[in-house]
Amino acid sequence: MEEKPLDLGSLSYISDHIGFYGTIKNSSADFVVTEIDVNGQLVTKVYKEVNEELQTQQSNDRNIKKQELCPSAVEIKDTLDGDICEALVVKTDHVFEDQDVPECEEDQYNVLNTLLCLDVVESLTNFACSVRSAFESKVTGGEQRELSLGFFPDKNSRASLHSAVRQAFPFLLTFTRSTEVLIRPNLDYQELSLLTSEEEADKFFTFLDAKVENSRFTFQPDVCKEHRTSVHHFISKKFGKLVETKSFSEKCTDGQQKLCITVRFRERKGLSGKRQRSEETSDIFTAFTLEKENLETLESLGYLASALGVLPSDFSYAGIKDKKAITYQSVVVKKVTPDRLREAEGLLEKKGLKIYNIHPTIQHLHLGQLSGNHFSIVVRDVRCHTGDPSEDLERRVNEAAHKIKSRGFINYYGPQRFGKGQNVQSYKIGLALLKGEMAQAIKLFFTPEEGDDLVNKAKQYFSQTEDIKGTLPLMPAYKIRERMLLRALNRYGMSDEGCIRGWLSIPHSMRIFYIHAYCSKVWNEAASYRIATFGSRVVEGDLVLHNHNANETTTLSDRVHIVTAAEEKGEVYSMHQVVLPMPGHSIKYPTNQVGEWYREALASAGLQSCKFRVGTLQLNIPGCYRHIIKYPHHLIYELVVEIDEQSQETDSKHTKKTTLKLSFQLDSSCYATVCLREMMKCNF
């Protein structure tokens, strides 16, 4: 292979089979990666099917009478096997009188199922049912119960969860404590339900939370002036800054004129005092499937940003995909309409990019918002390790496939996690940042590699001269990170403060990537040491992840259990449950020899007192846990013997070449090259 990232050669294996040789990524078409979304569907297919279903559904909805269950209500009712109270799902079409219910409303239950695991959704449902029952009993006040939905460091995820819960359960109040999202009964809802009906209270609070511009909500006709006054006063007192109310006369079916209370949102005003247009206050998100070939994910987004006239930070994605491959992944772009994105398709094909399944959506993607990846891989020039042509190659391949299915593979971070550099890799930059050596990190970042391309020429010039201004025009326009950093250094200089300003000029996700690379290297070496020391048996002091009770307020570390001597003896746990920590400030370490290994490794790197927070760069590294063993799913393989026509005339003994075709799926954050390494017993 052309690229030689961090060598995994010294790391342990889990199985003892012999394996075989072969080469991968001879061409991009030999390595095809297709993302699997959170619903378990390939992103190359799912959106076409969903769009067709939505179009059919929308067509049918036009003929459905009011008062029927909305699609989202039916969806969640079916999903939870009828556990949800009937009163929670009845939502009629006339919540907003001046316009239809927003299309995004029917996605709220999907958001809940995406962001929350099944047991938390069930606990949320049970909690909601109990609150509804308490409200129906007309008992006011009482104990303010709370339920935690978990911790969500990503701000966009928290916002989506808040909205989804309140739209699905308008009688619940959501709030955030640090990064934890909690819910409790909405006493304002209870107060209104005593003045009106629960059905009207549901509709009003759904309307209130949606905040759809120019929409209005109208209560049922009311002949009692005192009662209308009470409703007016309640809404003015609780929500007067947001909405205004007015009574209108309406002719009822019996021919009598009755007064109705109508609620509408107050006009928004900007700093100038002028009303803002709705186009300026609402965000547009467009989702699509990105096909790229021989390009890094961030490099591809740079081309897309340039073609569309937006910033690279306006794009979001669920995961980074291989460079030397053909890959398909979901991407969401902000501030770009579907029509505008379609207009750019022709420009993108010249860069090796294609886009499919373009459709509007309601929010950004976040990293990890996928269930895995599907791989179609061709391994060429397959041969036995001994080089003996008489050895049974088919037997070796069958043995390797059987072992990988039954015993899995050590879940190392793959070489691409550490960058392709031979002289300086990403983890070295991350270590310098953790130690606060900002200038050293800059120098490592601009260390040239082998080769005479434009990027290396620019880096060589910088390393020799530290002439920032002269390096800028040499650096190609598509190297976005490098140019952003150079522009900031040109402005602020190479002092400690200038270097800090330089690192702050690139997006947070890019800054923290380098520190994650270092932590990943530590994890790999810890996993190798763990397997070499204890093998595949669970021992005292190991860490395992427990399934937690969603009714309890728990953190990730609360779910991590330290295996006891009695549990080791009783073989309570299996190896696939054992996890190791990525270094950070909020994790537990094993209490056996592996924990001691971590302490010695961090100390030898000069991080014995590291808090895993780099305040000057706004980086916070809490750490996480990663399973040591993973398994490929749906593994299919085929050995194909091909005739090499070029060598047929010169040497008839070497006219056959054997190719291995593989197809399998891996969970998110697993690496196909690592799975192949275990299977073939060779490094790439």
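Residues numbered from 1 in each chain as written. Predicted model: local features only at pLDDT ≥ 70, side-chain atom pairs only at ≥ 80, totals over all residues. Heavy atoms only, no water.

1. Notes on the overall build of the protein chain
When its secondary structure is counted, the protein chain shows 26 helices and 23 strands. Per-residue burial over the protein chain gives 48% buried out of 684 residues. Summarising the internal contacts of the protein chain: among those between residues at least 6 apart in sequence, 72% fall at separations of at least 24. With an accessible surface of roughly 33,900 Å², the protein chain has 47% of that area assigned to carbon and sulfur atoms. (Helix = DSSP H or I, 4+ residues; strand = E, 2+ residues; numbered from the N terminus. Buried < 20%, exposed > 50% of the residue type's maximum accessible area, 1.4 Å probe, protein only. Contact = heavy atoms within 4.5 Å. Areas by Shrake-Rupley, 256 points an atom, 1.4 Å probe, with all protein chains shown as cover.)

2. Side note on helix 6 (residues 155–168)
Over its 14 residues, helix 6 runs 20 Å from end to end, which matches the ideal 20 Å to within 8%, given 1.5 Å per residue. Those residues of helix 6 that fall on the buried side of the exposure criterion are Ser 157, Arg 158, Ser 160, Leu 161, His 162, Ala 164, Val 165, Gln 167 and Ala 168. (Expected span 1.5 Å × (residues − 1).)

3. Observations regarding the packing of helix 15 (residues 426–434) against helix 16 (residues 438–445)
Taken N-terminus to C-terminus, the directions of helix 15 and helix 16 make an angle of 170°; their axes are 8 Å apart at the nearest point. With respect to each other, helix 15 and helix 16 are oriented roughly antiparallel. Handedness of the helix 15/helix 16 crossing: left-handed. Across the interface between the two elements, Lys 428, Ile 429, Ala 432 and Leu 433 of helix 15 pack against Met 438, Gln 440, Ala 441, Leu 444 and Phe 445 of helix 16. The residue makeup of the contact of helix 15 with helix 16, split by class, is seven nonpolar, one polar and one charged. (Axes fitted to C-alpha atoms, helices over the stretch in contact; angles between N-to-C directions. Parallel < 35°, antiparallel > 145°, perpendicular 65-115°, else oblique. Left-handed = near helix turned anticlockwise from the far one by under 90°. Nonpolar A, V, L, I, M, F, W, Y, C, P; charged D, E, K, R; others polar.)

4. Thoughts on the side chain of Glu 291
With respect to the secondary-structure elements, Glu 291 resides in strand 9 (residues 285–293). Lys 354 provides the closest opposite charge to the buried, salt-bridge-free Glu 291, at an N-O distance of 4.7 Å. There is a polar contact of 2.3 Å between the side chain of Glu 291 and the side chain of Tyr 356. Discounting chain neighbours no more than four positions away, the residues touching Glu 291 are Ile 326, Thr 327, Tyr 328, Gly 352, Leu 353, Lys 354 and Tyr 356. (Lys, Arg positive; Asp, Glu negative; His and termini not counted. Salt bridge = Lys/Arg side-chain N within 4 Å of Asp/Glu carboxyl O. Polar contact = N/O pair within 3.5 Å; in protein donor to acceptor, adjacent residues only side chain to side chain.)

5. Looking at the environment of Tyr 625
Note that Tyr 625 resides in strand 20 (residues 624–627). You can call Tyr 625 buried: its relative accessible area is 12%. Placed 81 residues apart in sequence, Tyr 625 and Val 544 show a C-alpha to C-alpha distance of 9.4 Å. A polar side-chain atom of Tyr 625 sits 2.6 Å from the main-chain amide nitrogen of Lys 588.

6. Concerning the environment of Lys 324
Assignment of secondary structure puts Lys 324 in the loop between strand 10 (315–317) and strand 11 (326–334). On the basis of relative accessible area, Lys 324 is assigned to the buried category, the value being 17%. A C-alpha to C-alpha distance of 9.0 Å links Lys 324 and Asn 26, two positions 298 residues apart in sequence. Here the side chain of Lys 324 touches Lys 25 through a polar contact of 3.2 Å, landing on its backbone oxygen.

7. So, the pattern of salt bridges
Applying the stated rule across the entire model yields 23 salt bridges. Here Lys 25 and Asp 322 are joined by a salt bridge, their closest N and O atoms 3.3 Å apart. Highlighted residues: Lys 25 in the loop between strand 1 (21–23) and strand 2 (31–36) and Asp 322 in the loop between strand 10 and strand 11, separated in sequence by 297 residues. Arg 501 is the partner of Glu 497 in a salt bridge, and the nearest nitrogen-oxygen pair spans 3.5 Å. Linking Glu 497 with Arg 501, this pair stays in helix 20 (residues 496–504), spanning four residues, or about one helical turn. Under the relative-accessibility criterion, Arg 501 is labelled partly exposed at 38%. Several salt bridges converge on common partners, so that one network encompasses Glu 146, Arg 177 and Arg 184.

8. Re the packing of aromatic side chains
A ring pair, where both rings are aromatic, is described by two values, the distance of the centres and the angle of the planes. Using the criterion set out here, one finds 26 aromatic pairs in the structure. Taking 5.8 Å as the distance between ring centres and 65° as the angle between the ring planes, the aromatic pair formed by Phe 204 and Phe 217 counts as edge-to-face. With Phe 204 in helix 8 (residues 198–210) and Phe 217 in strand 6 (residues 216–218), this residue pair connects regions lying 13 residues apart in the sequence. Ring pairs connect the aromatic residues Phe 169, Phe 171, Tyr 189, Phe 204, Phe 205, Phe 207, Phe 217, Phe 219, Phe 234, Phe 239 and Phe 265, which therefore count as one cluster. We note Arg 677 situated over the ring of Tyr 13; from NZ or CZ to the ring centre the distance is 4.1 Å. (Phe/Tyr/Trp six-rings, centres within 6.5 Å; stacked < 30°, edge-to-face > 60°. Lys NZ or Arg CZ within 6 Å of the ring centre and 35° of its normal.)

9. Observations regarding the sheet that holds strand 15 (residues 543–545)
In space, the four strands of this open sheet follow the order 16-15-17-20, with antiparallel pairing throughout. The open sheet is flanked by strand 16 (560–562) and strand 20, the only strands paired with a single partner. Adjacent strand axes in the sheet meet at a mean angle of 50°, parallel and antiparallel pairs treated alike. When strand 15 meets strand 17 (residues 578–582), the two strands line up antiparallel, connected through two bridges. Bridge assignment links Leu 543 to a residue of strand 17, and that residue is Val 579. Contacts between helix 21 (residues 508–534) and the sheet are confined to strand 17 and strand 20, with strand 17 contributing the most and set at about 145° to the helix. (Pairing = 2+ DSSP bridges.)

10. So, the environment of Val 560
Secondary-structure assignment places Val 560 in strand 16. Residues Val 560 and Lys 588 lie 28 residues apart in sequence; the distance between their C-alpha atoms is 7.9 Å. Val 560 has contacts with Leu 543, Val 544, Leu 545, Lys 588 and Tyr 625, leaving out every residue within four places of it along the chain.

11. Re the sheet that holds strand 4 (residues 172–177)
With antiparallel pairing, three strands are arranged side by side in an open sheet as 3-5-4. On the outer flanks of this sheet lie strand 3 (147–151) and strand 4, each paired with one strand and no other. The sheet shows a mean angle of 25° between the axes of neighbouring strands, direction not considered. Where strand 4 and strand 5 (residues 180–185) come together, six bridges link them in antiparallel fashion. Paired with Leu 173 across the strands is Arg 184, a residue of strand 5. Its contacts with the sheet place helix 6 against strand 3, strand 4 and strand 5, and it is angled at close to 165° to strand 4.

12. So, helix 21
Side chains of residues three or four places apart in an α-helix project in the same direction, reflecting 3.6 residues per turn. Over its 27 residues, helix 21 extends 38 Å from the first C-alpha to the last, a length consistent with the 39 Å expected when each residue adds 1.5 Å. Residue Tyr 514 marks the point of greatest curvature in helix 21, where the axis turns by about 25°. Along helix 21, 19 of the 27 residues are buried, which leaves the element largely enclosed by surrounding structure. Following helix 21 by one or two positions, Gly 535 has its phi on the positive side, about 70°. (Bend = angle between axes of the 7 residues up to and from the residue.)

13. With respect to unusual backbone geometry
For Lys 25, which is not a glycine, the phi torsion comes out positive at approximately 60°. Judged by its relative accessible area of 10%, Lys 25 falls in the buried class. For Glu 466, which is not a glycine, the phi torsion comes out positive at approximately 55°. If you trace the backbone, Glu 466 turns up in the loop between helix 17 (454–465) and helix 18 (468–471). Taking relative accessible area as the criterion, Glu 466 reaches 37% and is therefore assigned partly exposed.

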